[in-house]
Amino acid sequence: MEITQAIERAKNNDQKAFNFLLDSFWDNVYGFQLKRVQNENDAEDITIQTFSKAFDKIDTYNSDYNFKTWLIAISKNIHIDLIRKQKNSISQNIARSDEDGYQYILDDSPSPEDKLITEQNLAKLLRDIKKLKPHYQKVINLRYFQELSYKEISVEINEPINNVKVKLLRAKKLLAEIIQTTRA
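Keep in mind the model is a prediction, meaning the values are calculated, not measured.

This next bit is on the overall build of the chain. Of the regular secondary structure elements, the chain holds eight helices and two strands. N-terminal to C-terminal, the α/β element order of the chain is α-α-α-α-β-β-α-α-α-α.

Take the environment of Y61 next. Position of Y61 relative to the elements: it lies in the loop between α3 (40-56) and α4 (67-92). Spatially, the C-alpha atoms of Y61 and L71 are 9.7 Å apart, while their sequence positions differ by ten residues. Ignoring sequence-local partners within four residues, the contact set of Y61 consists of I7, K11, N66, F67 and W70. At 2.4 Å, the side chain of Y61 and the backbone oxygen of Y65 are in polar contact. A polar contact is formed between the side chain of Y61 and the backbone nitrogen of F67, at a distance of 3.2 Å.

So, on to the packing of helix α1 (residues 3-11) against helix α2 (residues 15-37). Pairs of packed helices are described in terms of their axes, by the angle between the two and the distance that separates them. One way to put it is that α1 packs onto α2 with a least axis distance of 8 Å and a crossing angle of 135°. Considered as vectors, α1 and α2 are oriented oblique to each other. In terms of crossing hand, the pair formed by α1 and α2 is left-handed. Contacts from I3, A6, I7, R9 and A10 of α1 reach α2 at K16, A17, F18, F20, L21, S24 and F25. When grouped by side-chain class, the residues that make up the contact of α1 with α2 number nine nonpolar, one polar and two charged.

The next subject is the pattern of salt bridges. Taken as a whole and assessed by the stated rule, the structure comprises seven salt bridges. A salt bridge links R9 to D14, with the shortest nitrogen-to-oxygen separation between them at 2.8 Å. Looking at D14, the relative accessible area reads 21%, which means it is partly exposed. A salt bridge links E159 to K167, with the shortest nitrogen-to-oxygen separation between them at 2.6 Å. Under the relative-accessibility criterion, E159 is labelled partly exposed at 22%.

Before going further, it helps to spend a moment on the packing of aromatic side chains. Any two aromatic rings considered together are summarised by their centre-to-centre distance and by the angle between their planes. Using the criterion set out here, one finds eight aromatic pairs in the structure. An angle of 80° between the planes, with centres 5.1 Å apart, marks the rings of Y61 and F67 as edge-to-face. For F67, a relative accessible area of 3% translates into the label buried. Feature note: the residues F18, W26, Y30, F51 and F55 constitute an aromatic cluster, connected by ring pairs. For the cation-ring pair, R143 lies above Y150, with the distance from its terminal atom to the ring centre recorded as 4.0 Å.

Quick notes on the rules
- Residues numbered from 1 in each chain as written.
- Predicted model: local features only at pLDDT ≥ 70, side-chain atom pairs only at ≥ 80, totals over all residues.
- Heavy atoms only, no water.
- Helix = DSSP H or I, 4+ residues; strand = E, 2+ residues; numbered from the N terminus.
- Contact = heavy atoms within 4.5 Å.
- Polar contact = N/O pair within 3.5 Å; in protein donor to acceptor, adjacent residues only side chain to side chain.
- Axes fitted to C-alpha atoms, helices over the stretch in contact; angles between N-to-C directions.
- Parallel < 35°, antiparallel > 145°, perpendicular 65-115°, else oblique.
- Left-handed = near helix turned anticlockwise from the far one by under 90°.
- Nonpolar A, V, L, I, M, F, W, Y, C, P; charged D, E, K, R; others polar.
- Salt bridge = Lys/Arg side-chain N within 4 Å of Asp/Glu carboxyl O.
- Buried < 20%, exposed > 50% of the residue type's maximum accessible area, 1.4 Å probe, protein only.
- Phe/Tyr/Trp six-rings, centres within 6.5 Å; stacked < 30°, edge-to-face > 60°.
- Lys NZ or Arg CZ within 6 Å of the ring centre and 35° of its normal.

What follows is the structure in structure tokens.
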């Protein structure tokens, strides 16, 4: 399969085309991010977000440009957005001092109300996860509740790592759709 053919097939939601594009460009995007963030986990997370966003917006891809360049631009923008979010949260958490030398330190510990809301949200999330097909439930459970790496999940479900990544992308996308419809 050629890249242009895969892109056209991906625009028609062809799963094999998505897998082909992921396999073809994973190393490029991951390598780009690894040089930027110098952390394997962060680079992997950003790369997954890149492919998720690219596959969601594949209809907007302009064939006048190189597909790899398009992916790298998406990846770069995701990284910039993450840096901005981190800077905002850091600046909001800085302690302020008054004239008498006392400091007001932001207390980030959850209140009893926060804990209750978190428990209720978790219960809703678990109900929504139960609406997914079993193989999607399994990858979500292994990744986010058992906190296994992609490699460990690959061994657990006996599938290649790239299939695990695609399944996780799909599971998160379907879960987001379920959450939106149940909350609307």
